[in-house]
Each structure stands twice: as structure tokens, then as C-alpha cells.
Amino acid sequence: MRKLGITIDEIKLRRHYQSLQEEFEKLKTENNNRYSLLKATVIKRFLQYGQDDIEHGQYERAVYVYRCLSELLEELKHSTGGAESIEGYLTHRAELDGFSMRNPNGRPVFYCGYGHFEQVKRDVPEMNRLGCNSIQIEIGPASVLFPIGTHDAWGMDGEEFFKSGESYIYTDGEFEVNTAAVKTEIIPVLEQAEKANVAVCLLLSPHYAPNWFLQKYPELKSRNVGFLKYNIYHPKAKEMVEVHLRAVLSLVKDYPVLQSICISNEPVFNTALDAEGTDSVSHDLLPTAERENYEKASTKVQWQEHLKEKFQTIAELNQQWHTDYAAFSEVHMPLEEEQTPRFYEWYTWNNQMFAGWHRWMAEIVRDIAPNLPVQAKFMPVFGTSELPYHRRFLRYGVDPELFADFTDISGNDAWSFEGKSHLPLSYKLAWYDLLASIKKMPIQNSEDHVIEDRDTFYGAIQAKRIYGDIWQGALHGRTSTQLWVWERSNVPHATANGSILHRPDCVEAVGRAALDLNRLAEEATALQNCERKAALLYSQPSRIYTKEYIADLFRAYEGVLFSGNRPHFLTEKQIDRLSDFRVLLVAGVTHTEPKVLAAIKAFQEKGGIVILVDRDKTVLKRNPYDQPADLQVAEAIYQKAVWIEGDRSGISPNPQFSEQISQMLNQYTESEFIVKSSEGNYNIEWTEAECNGEKILNIISHDGKRNRKIQIYRNGILQEHMTEMISGAHVGAEIELRPYQPILLKFEN
């Protein structure tokens, strides 16, 4: 058989699969070894998937699957005992403790699994066998809310088919609430998960608004670019969301397997897109009071009310912005990005509005289920540079620092892909470090993108990268992850085509990483809580006015990351915590608050080290409204600062520049352990911590192209005899790091 110029001997390939199946069936596997059970479960499932690939003409993928399964079978043949029991998740409501989620015995648990649709629901009983312990599923208003009379119009009286006396349909306001989907699609999964010891994060998906409702109220429709295609601030929209939340939560809140409630999916809302033409209301026959409430939902009205409240007079606004508006009514929201005070003001207000809407939902959840942790699944707000791909985040309405005020878990949806220079593993870790810096609470990536949608690259590096992503992400505070997506598809343009469920080596890597994290949970938790010596100033106004700022920030971040230090992002709101650190890096911060300047000057006066990364002496010169800062304070900071000439290459990441940061930083942050490589330390991350009275050191190479040789020095002495805790192997003076494969070393004090 030929495909795309490649000759495939289909009969031979089928025979290979048959031989592999016979060999696997002859092998007696002991189910008490969690790692062997994982491999056996992957082999059994993918033997069928590989043959399905042949049936669908996916011959190259079928060959890849066969090779993976052959390797796994060889590993299974030679696997030894051990790891019979790994204490982790047993059905319970976790105790949140800093970055940790703890079981009833007080042991930290790392949650790992998949989402998000029908296949993962069917596979709940298999999750533990796959090394995993959690899933995410969803239900939205369109599955629950219908026009009054729908049930009668269908000619149904379904109660007789349910338990005696059970009612699943009722009226709430103008909604017919039909909870059949909750009872048949959500609760059975919770009940099954409870038996299988699989935690469930339930996404309540407010973006699935019923079509009939949007047709009834056309003024709700929005031009927003994200999933939320209606004006979320409209009273009718809020009524719809609240009825949905209360209907679902009242039925599921008492299931102990329910790990958390996620109140939104990839939330994005740009108030400016609907600003014009929203003052009038199409339903002009509504009572006056209700019509007035509708008009108040206009984001244009709310924007101008905000300006009046903040500035009091248009003269004051003009003075601070250096503008000449005649009235507040002339100050429109910016439809396009600007490097102006108006855009900065709108950016912060848009963020506050969106956070306020999420806070309102979180309060409803707590009213019904006060003991259920709440999170939202928002996307990263910065990138490795300010390419248009990353610059769009400014209009998303998401400020993690505002969300942290009312959430229990730092929920998110983040990504990083092999072969994408602008999305290295360090990009995802920087995002986790920002969240960890804002508030010490568990981080949960409940839509963890480790493979790009429709990716057809099946190289072995993918599985290695995924293991490193799962392991290293956990050490940076991400205690829970549910990978996108546990589905298969042979449709070329489907998002599930090329997904992890086509990749046996990747599924095995995920399960192995999850087992390793829970076997070494105390050590992983100690590394989450390692000392932070160096802080990076995170400046929101600088993002608006200086397009190179994020590239400066990311290059400095990698400089910290690959110097043996765990980076910490210090936000302007948290500047009073500056004294917690030895070094502050100010990388490309051109605009900031006056209180930040004062705090930096005081930090220097007490012996703190400030490193300025700057081009043309523009750092710390302007305030958030692009007016001159206090230049006397700025000059005082300049005189005591350590200077590094800013990168002018326009490249981010930039290994040479980040190495310069690392070398400078090592002069001011003393460490017990130093890792040395003859090729330089860029892309080598190491972190030290103390666990149960012993020193531990985690090291990983982010270099996906080659092995890296290193040596470890402790207090200047070369270390020659060490125990590697993940594999149990002993290592000597020269260690060869493989791409994305961490090593965890233990040292006696």
C-alpha cells in the first residue's frame, strides 16, 4: 500500500502487531508494581489503537505506535519490584496548605490526569492504572436552562423513569431548569470517580449560553473575541449564570471527590468592543426601573462613571493625561492598542471589571458550597517577547493579582511546545512563577497543553519533554494538572488529531511523572518552597508604553532561572515585600508608581543590591500616566545600582544575554551548590532545598537537542558520590544530563 509516496507493507505491519500482542499476553505482569501496571495498561490500550490507525490509513503513526510498544514491552520484561504502594490521592476533599494539597494523613498530593470530554468520563476506572488521579469535566448553562414549557412541548413526563418522587425539572424566574444532564452526565462520573480514587475538577462553563436566550435578548450579543459571546455585565446575563450555578452546585456540592469548582474557561473580555451603541435598550416596553438597570449594564456608561469617580473633573483628567477633552463623554474606550494614558487607564479598568464579574460568581459558589475550593481557568498574560501573538494579552481583561484576591487555587490554561522557540519550557515555568509570586496557593493547570493541536511530529523527544514539563512544573508550584486532551481523531483539522491519546510513549511519561511526584512528594514540596533570593520587578505600566519590556523581563528571568536561583516576580502592589530578597532586577522598567521608586531607594540604603538592565538610561523615568517621575529619587537609585547594558538584538530568548545576567547574579547570591558545565549554564536549571534534615538538589537540562555534561560543587568541593532519588542510581563526579530528564540528588548535612 502506498501513501504520500511511502510504501507500506500493511500485511507485515499487522503481523508485527499480532506478534507483539501474543508476546504481551504471555508475559505475566505483577499488578502490585505501579510502574509495571502503567506500562502494561498503556501497551494493552495502544495495541488496539495502533491497529485502529492501520484501519484508518494512518500507517506512519501505526509504525510509531508499534515501536513505542515494543520498547515498553522490553522495559516491562525487565522491570523489578518496588513502588508497590505510593501514597497519594484517596477520595477526600484536599486540605489546601500553601502550594500543597494534602490528604487526610497530611501528606502532599500531586494531582495529574486528563480532560475534558466523553472519553475521559469513560476512562475514569483506568486513570489509576495509568498513573493518574484526576480529571476535569464540564457542564454549561445550555445543558441546563430552557424556555419555560419546553418539557411539556416535548410531550414528556420523565419523572416516572427516575427514582420514585424524584423531580429533575423546575422553574426559576424565566428559566425551565432541567437537571437531567447533571444527573446523567456529571453525577455518574462523580460516583464512579469516588470508587476509583480519581479527583474531579468541575468546570461550570458560563460561555455555553443557551442560543434561545441570546435570541430572546439580542442586546446581550457581544463582539468579544473569546468564548464569551454575550455581555456578561448585563443583568439578564448575570441572572442566567446565577440560575445555572445554583442548579448544578446544589446537586454536586457534597461529593467528596469534587476537588474544586472552575468558574470560567479561558476567560477573555474586551469591554471596548461593545462600547459604542449600547446605551439604548431594544426592549423599550420594559418597566422603567428594569430599563434603567439595563442601561447601567452598558460598558460605555460604566467606563465614564469610573472616570468621573476617579478624576472628579475633566480638568484633572486632562492634567494627568496631558490631554484636552471637553467632557467625560468624549473619552471613549480605545478600540486598538495605544501607548497612551487612556489605554493604560482602560487596561486597568477592564481588568478590574472582569475580575469583579469572576468575584461575583465565586461568591455564589461559596454561598452554596462554602467548603469547595474555587478557581478560574485563565490563560497566560505575557510571553517571551511582545510579538503580536503575545501583545494581544493586554486586551484579555485578566490580571492574576486581582483574581488571587478571591480564588483558592491559582487556576490557569498554559502551554509550551517542543520546537517553538517563542514557547520554550521556561516560558511556562515563568508563568507558574508569576502565579506563585502573587499568592502562595496551589497552582492548577486544568488545560495543560503539552502537544500542539494537530501536531504530527511523533519524535521521541516529545515524551521526554512532557515528563520534564510535568515534573518541573510541579516544582514551580503547579500542584495539579489535567492535560489537553484525552480524545482521538483522524479528521485532519480536528484539534484532537495528534493528541496525547495517539502517543503511547507520552501517556507513559505522564503516568511515570505523576507516580514519581507522589512517591517523592515531600521532596517535591520542599523544592516548591525553596528560598527565593532574587526578585524581578513586574511592571504593568511598562508593558503598555514599552514594547521591549517583556523581552527584557523574560531574558532576565532566564538569567535568574539558569543561575541556580528560583525567580520571584515582585509586583508593584507587593513592593513592600522587597526586603525579603537580596537582589532586585529592574529589567526595562520604564514606567512605575512613585511608591516603587521610594521602596527601591530604601532597599539600597539598607544594603540591598539593585541590578538595572537598561538601554539609553530610560529605566524608572516615567510614572503610569507617562509623566516624568521623581528624577532625584531615580538618580539616587542610579548611583548605587549595578548596571547591565540592555540587549539590543531584538531576540528573546537570548542565551548570551541571559548568561550575562546569570554571571552577574552569582556575584551577589551565595549558594551552597554550584553546577558547572564547560559549555556554559544556559538551559541548565538547578534548585536546592532541605527535606527531612537533608539537602536535596534538583537539576534539569532544558536543552532538547543534546546531552549536557556537568559537575556539582558543594561549598567549593567537587561532589563525587551521590544518590539519584528518581531512579535510585548512584552518580559520580561527571554527570550527563539528558534532554528534559531531571535528576534529584540527596546529600547528608
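Residues numbered from 1 in each chain as written. Predicted model: local features only at pLDDT ≥ 70, side-chain atom pairs only at ≥ 80, totals over all residues. Heavy atoms only, no water.

Asker: I tried to follow the overall build of the chain on my own but got confused; where do I start?
Answerer: When helices and strands are counted, the chain shows 23 helices and 29 strands. On C-alpha atoms alone, the chain measures out to a radius of gyration of 28 Å, which is about the 27 Å that the 2.2 N^0.38 rule sets for 749 residues. Along the longest, intermediate and shortest principal axes, the C-alpha atoms of the chain span 85 × 80 × 60 Å. The buried share of the chain, taken over its 749 residues, is 62%. A separation threshold of at least 6 residues defines the contact pool for the chain, and within that pool the share at least 24 residues apart is 75%. In the form shown here, the chain has an accessible surface area of approximately 29,600 Å², with 48% of it arising from carbon and sulfur atoms. Here the chain contributes 82 positively and 105 negatively charged side chains, and the mean placements of these two sets differ by 3 Å. (Helix = DSSP H or I, 4+ residues; strand = E, 2+ residues; numbered from the N terminus. Rg over C-alpha atoms; globule rule 2.2 N^0.38 Å. Buried < 20%, exposed > 50% of the residue type's maximum accessible area, 1.4 Å probe, protein only. Contact = heavy atoms within 4.5 Å. Areas by Shrake-Rupley, 256 points an atom, 1.4 Å probe, with all protein chains shown as cover. Lys, Arg positive; Asp, Glu negative; His and termini not counted. Charge placed at Lys NZ, Arg CZ, Asp CG, Glu CD.)

Asker: Looking at this structure, I do not really get the sheet that holds strand E9 (residues 175-178). What am I missing?
Answerer: For sheets, the rule is that strands pair by backbone hydrogen bonds, running either parallel or antiparallel. Strands sit in the order E7-E9-E8 across an open sheet of three strands; the sheet is antiparallel. Since the sheet does not close on itself, it has two edges, and those belong to strand E7 (145-147) and strand E8 (169-172), each with one partner. Mean inter-strand twist for the sheet, computed between neighbouring axes without regard to direction, equals 40°. In this structure, E8 lies alongside E9, joined through four bridges in antiparallel fashion. Note that in E9 the partner of Thr171 across the bridge is Glu176. Sheet strands touched by helix H8 (residues 235-252): E7, E8 and E9. Its angle to E9, the strand with the most contacts, is close to 25°. (Pairing = 2+ DSSP bridges. Axes fitted to C-alpha atoms, helices over the stretch in contact; angles between N-to-C directions.)

Asker: Mind showing me how you'd approach the side chain of Glu672 here?
Answerer: As for its position among the elements, Glu672 is in the loop between helix H23 (655-666) and strand E21 (673-676). For Glu672, a relative accessible area of 18% translates into the label buried. Looking at Glu672, its side chain comes within polar contact range of the side chain of Lys695, at 3.4 Å. A polar atom in the side chain of Glu672 sits 2.7 Å from the side chain of Arg714. For Glu672, the residues in contact, after removing those within four places along its chain, are Glu688, Lys695, Tyr713, Arg714 and Asn715. (Polar contact = N/O pair within 3.5 Å; in protein donor to acceptor, adjacent residues only side chain to side chain.)

Asker: I'm lost on the sheet that holds strand E5 (residues 111-115) in this one. Help?
Answerer: The strand order across the open sheet formed by eight strands is E12-E11-E10-E6-E5-E15-E14-E13, and the pairing between neighbours is parallel. Taken across any chain shown, the strands that pair with only one partner, and hence form the sheet edges, are strand E12 (374-377) and strand E13 (410-412). Neighbour to neighbour, the strand axes of the sheet diverge by 25° on average, direction disregarded. The pairing of E5 with strand E15 (residues 478-484) spans four bridges and is parallel. Looking at E15, one finds that Cys112 is bridged to Thr481. Contacting strand E11 (258-265) and E12, helix H12 (residues 341-368) runs over the sheet at an angle of about 150° to E11.

Asker: Sorry if this is basic, but what is going on with the pairing of strand E29 (residues 743-747) here?
Answerer: Within a regular strand, the side chains alternate between the two sheet faces. For E29, the tally of buried residues reaches four of five residues, placing the bulk of the element in the interior. Here strand E23 (residues 694-701) pairs with E29 via five bridges, running antiparallel. Residue pairing across strands places Ile699 opposite Ile743, the latter belonging to E29.

Asker: So what exactly am I meant to see when it comes to the pairing of E23 here?
Answerer: Of all the eight residues making up E23, seven are buried; the element is thus mostly covered by neighbouring parts of the structure. Bridge count between strand E22 (residues 684-691) and E23: eight bridges; the pairing is antiparallel. Paired with Thr687 across the bridge in E23 is Asn698. Here E22 folds back onto E23 in antiparallel fashion, the turn holding two residues, of which Asn692 has a positive phi close to 55°.

Asker: For this particular structure, what's the right way to read helix H16 (residues 461-475)?
Answerer: Two residues of an α-helix separated by three or four positions point the same way, owing to the 3.6 residues in each turn. Here H16 is 15 residues long and its end C-alpha atoms lie 21 Å apart, about the 21 Å a rise of 1.5 Å per residue gives. Along H16, 14 of the 15 residues are buried, which leaves the element largely enclosed by surrounding structure. Where H16 terminates, the next one or two residues include Gly477, which has phi positive at roughly 105°. (Expected span 1.5 Å × (residues − 1).)

Asker: What should I look at first to understand unusual backbone geometry in this one?
Answerer: Comment: phi is negative for the bulk of residues other than glycine, and the bulk of peptide bonds are trans. The amide bond that connects Trp484 to the next residue, Val485, takes the cis arrangement and shows omega of 0°. Residue placement: Val485 occurs in the loop between E15 and helix H17 (504-519). Between Ser652 and Pro653 the backbone carries a cis peptide bond, its omega angle lying at 0°. Position of Pro653 relative to the elements: it lies in the loop between strand E20 (642-645) and H23. Look at Ser205: it is not a glycine, yet its phi comes out positive at around 40°. Backbone geometry places Asp616, a non-glycine residue, at a positive phi of 65°. If you trace the backbone, Asp616 turns up in the loop between strand E19 (609-614) and helix H22 (631-640). The class for Asp616 is exposed, based on a relative accessible area of 59%.

Asker: Looking at this structure, how should I read the environment of Glu55?
Answerer: Following the sequence through the fold, Glu55 ends up in helix H2 (residues 34-55). Expressed as a C-alpha distance, the spacing of Glu55 and Glu10, which sit 45 residues apart in the sequence, is 9.7 Å. There is a polar contact of 2.9 Å between the side chain of Glu55 and the side chain of Arg14.

Asker: Can you walk me through the pattern of salt bridges in this structure?
Answerer: Oppositely charged side chains can form a pair if their charged atoms are brought close together. Scanning the entire structure with this criterion turns up 47 salt bridges. The partner of Glu55 in a salt bridge is Arg14, with the nearest N and O atoms 2.9 Å apart. Taken together, the residues span a long stretch of sequence, with Glu55 in helix H2 and Arg14 in helix H1 (residues 10-26) at a distance of 41 residues. The partner of Asp647 in a salt bridge is Arg555, with the nearest N and O atoms 3.2 Å apart. Residue Asp647 is located in the loop between E20 and H23, and its partner Arg555 is located in helix H20 (residues 549-561); the two are separated by 92 residues in the primary sequence. For Arg555, a relative accessible area of 0% translates into the label buried. The structure contains a network of salt bridges with shared partners spanning Glu548, Asp552, Arg555, Arg615 and Asp647. (Salt bridge = Lys/Arg side-chain N within 4 Å of Asp/Glu carboxyl O.)

Asker: Explain the packing of aromatic side chains to me, please; I cannot follow it from the model alone.
Answerer: Aromatic ring pairs are defined here through the distance separating the ring centres and the angle between the ring planes. Under the defined criterion, the tally for this structure stands at 32 aromatic pairs. For the ring pair Phe343 and Trp346, a centre distance of 5.6 Å and an interplane angle of 50° mean the geometry is tilted. Of this pair, Phe343 and Trp346 both sit in helix H12, three residues apart, roughly one helical turn. Plain terms: the ring middles of Phe378 and Phe403 are 5.0 Å apart, the flat faces sit at 65° to each other, and that makes the pair edge-to-face. Here Phe378, found in the loop between E12 and helix H13 (388-391), pairs with Phe403, found in helix H14 (residues 400-403); they are 25 residues apart in sequence, far enough to count as distant. (Phe/Tyr/Trp six-rings, centres within 6.5 Å; stacked < 30°, edge-to-face > 60°.)

Worth remembering: the numbers are spatial, not functional.
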